[in-house]
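Letter by letter, the chains look like this.
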Amino acid sequence: MIDFTKTVTGLVFSALVVGGVGCRLMHREMQATRLLEKSRLMSQQALFAMDKGDLQEADHLLVQALQLCPQDTEARARYSRLLWRCGRQEEAIDQMKIALRTAPQDAELHLQIAEQYLELGRMTEAQSHIQKVLDLAPQHPGGWVLQGRLALARNNPDAALTAFHRAAGLRPNDRAILEWIAQAYQVRGDADQALAVRQRIMDTFSPGEEPVEALAALAEAYRAVERYASAAETYLQAARKAENPEPYLVAAAENYMRAGQSQQALGITEQLLAQNPQSRRARELQNQLQGITVASQSGILR
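Reference entry: report on the structure contained in this document. (Residues numbered from 1 in each chain as written. Predicted model: local features only at pLDDT ≥ 70, side-chain atom pairs only at ≥ 80, totals over all residues. Heavy atoms only, no water.)

## Some words on the packing of aromatic side chains
Reasoning step 1: Inspection of every chain in the model, using the stated rule, returns one aromatic pair.
Reasoning step 2: Ring plane angle 20° and centroid distance 5.9 Å describe the contact between Phe164 and Trp180, whose orientation is recorded as stacked. Of this pair, Phe164 sits in helix H8 (residues 157-170) while Trp180 sits in helix H9 (residues 175-188), and the two are 16 residues apart along the sequence. (Phe/Tyr/Trp six-rings, centres within 6.5 Å; stacked < 30°, edge-to-face > 60°. Helix = DSSP H or I, 4+ residues; strand = E, 2+ residues; numbered from the N terminus.)

## Notes on the environment of Arg88
Reasoning step 1: Relative to the elements of secondary structure, Arg88 occurs in the loop between helix H3 (73-85) and helix H4 (89-102).
Reasoning step 2: When its relative accessible area of 32% is taken as the criterion, Arg88 is described as partly exposed.
Reasoning step 3: When residues no more than four places from it in sequence are discounted, the contact partners of Arg88 are Asp59, Tyr79 and Leu83.
Reasoning step 4: Engagement of the side chain of Arg88 in a polar contact is seen with the side chain of Glu91, the distance being 2.8 Å. (Buried < 20%, exposed > 50% of the residue type's maximum accessible area, 1.4 Å probe, protein only. Contact = heavy atoms within 4.5 Å. Polar contact = N/O pair within 3.5 Å; in protein donor to acceptor, adjacent residues only side chain to side chain.)

## Points about the side chain of Arg78
Reasoning step 1: Within the secondary structure layout, Arg78 lies in helix H3.
Reasoning step 2: Of the side chains with opposite charge, Glu74 comes closest to the buried, unpaired Arg78, at an N-O distance of 4.1 Å. (Lys, Arg positive; Asp, Glu negative; His and termini not counted. Salt bridge = Lys/Arg side-chain N within 4 Å of Asp/Glu carboxyl O.)

## Thoughts on the side chain of His140
Reasoning step 1: With respect to the helices, strands and loops of the structure, His140 is situated in the loop between helix H6 (123-136) and helix H7 (141-153).
Reasoning step 2: Reaching out from His140, the side chain makes a polar contact with the side chain of Glu108 at a distance of 2.7 Å.
Reasoning step 3: Setting aside residues up to four positions removed in sequence, His140 forms contacts with Glu108, Leu111, Val133, Leu134 and Leu170.

## Looking at helix H5 (residues 107-119)
Reasoning step 1: For H5, with 13 residues, the first-to-last C-alpha span of 18 Å sits near the 18 Å given by 1.5 Å per residue.
Reasoning step 2: Counting buried positions over the 13 residues of H5 gives 10, a clear majority of the element.
Reasoning step 3: Every buried residue of H5 is accounted for by Ala107, Leu109, His110, Leu111, Gln112, Ile113, Ala114, Gln116, Tyr117 and Leu118.
Reasoning step 4: Those residues of H5 hidden inside the fold are in contact with H3, H4, H6 and H7.
Reasoning step 5: Between the side-chain oxygen at the start of H5 and the backbone nitrogen of Glu108 there is a gap of 2.9 Å, and the oxygen is on Asp106.
Reasoning step 6: One or two residues past the end of H5 sits Gly121, with phi positive at roughly 80°. (Expected span 1.5 Å × (residues − 1).)

## Quick look at the packing of H5 against H7
Reasoning step 1: Interhelical geometry of H5 versus H7 gives an angle of 15° and a closest axis separation of 11 Å. Here H7 runs roughly parallel to H5, going by the angle between their axes. In the packing of H5 onto H7, the handedness of the crossing is left-handed. Here H5 contributes Leu111, Ala114, Glu115, Leu118 and Glu119 to the contact with H7, which in turn contributes Gly142, Gly143, Leu146, Arg149 and Leu150.
Reasoning step 2: Here the contact of H5 with H7 is built from residues that sort into five nonpolar, two polar and three charged. (Axes fitted to C-alpha atoms, helices over the stretch in contact; angles between N-to-C directions. Parallel < 35°, antiparallel > 145°, perpendicular 65-115°, else oblique. Left-handed = near helix turned anticlockwise from the far one by under 90°. Nonpolar A, V, L, I, M, F, W, Y, C, P; charged D, E, K, R; others polar.)

## Brief notes about the pattern of salt bridges
Reasoning step 1: Enumeration according to the criterion identifies 13 salt bridges in this entry.
Reasoning step 2: A salt bridge links Arg149 to Glu115; the nearest nitrogen and oxygen atoms lie 3.0 Å apart. Taken together, the residues span a long stretch of sequence, with Arg149 in helix H7 and Glu115 in helix H5 at a distance of 34 residues.

## Let's talk about the environment of Gln183
Reasoning step 1: Tracing the backbone through its elements, the reader meets Gln183 in helix H9.
Reasoning step 2: When the C-alpha positions of Gln183 and Ala160 are compared, they lie 9.8 Å apart, and in sequence the two are 23 residues distant.

## A word on H6
Reasoning step 1: Compared with the 20 Å implied by 1.5 Å per residue over 14 residues, the 20 Å span of H6 between its first and last C-alpha is a close match.
Reasoning step 2: Inspection of H6 places Ala126, His129, Ile130, Val133 and Leu134 among the buried residues, and these make up the whole buried set. When H6 is viewed along its axis, its buried side chains cluster within an angular range of 145° and face the same direction. Facing away from the buried side of H6 by more than 90 degrees, the exposed set consists of Thr124 and Asp135. (Arc of directions from axis to C-beta.)

## What about unusual backbone geometry?
Reasoning step 1: With phi around 60°, Asn155 is a residue other than glycine that occupies positive phi space.
Reasoning step 2: Mapped onto the elements, Asn155 comes out in the loop between H7 and H8.
Reasoning step 3: For Asn155, a relative accessible area of 60% corresponds to the exposed category.

Spelled out as structure tokens, the structure:
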């Protein structure tokens, strides 16, 4: 006969054991979640510290975050960026390797380590991780940008342009991508296309909000296609916004001189020397321009 008392007792005991294991697992999962949440909070605080330039505090917070939750790949990637910013490149890459062991299918982690390898000139490792990004996320514009940068580093502007245009198709008005396209055209020696892209970059700004660097790059693009008067005018715009306008004023004077507009150039050099009598380049330009003026007047007198 079946002893129902023993059977029921055994089932109850088994249920208690299973229930106890389940409770312990649930407790561990809840504890792990709490640790991850705390790690993420400290990681976010570290980001604020980095933005303020307090790298020591950011380092302290991120080390604590990773001690709490070593599996927090977001904190580890942020710690890698901090180490990189402090000039500790190899340690930064080591942190990324640890993160990738935890999350090998994370495209953003592959993107970050690929850029680090690229900046170190380690092309083979960079290519491996760039390919992984594009395998995991074929529509990731960052992956195509890095593919283009890798091609530029290998002196292949045509391949770079193919990749950059692929990225631009995904983010049409992204200034950083347009900047890479302009640089690739410059490397290829296509000054007209580089100028067209520079003008497109300027169109992404509201009137009056164009930064000095973008204006200077546009001015240089005008100079490259021998539109010297346009280059000079754009350098003057940059000078009006720059904290130190002298280099842009000198460039404006040089380009007015190339354009044959000596009086405008001379006026700028006189302005420069009134502000800084020690400006050697302004003095040289003034002497050149005065010589041009004397020569032209001599021609008229004849």
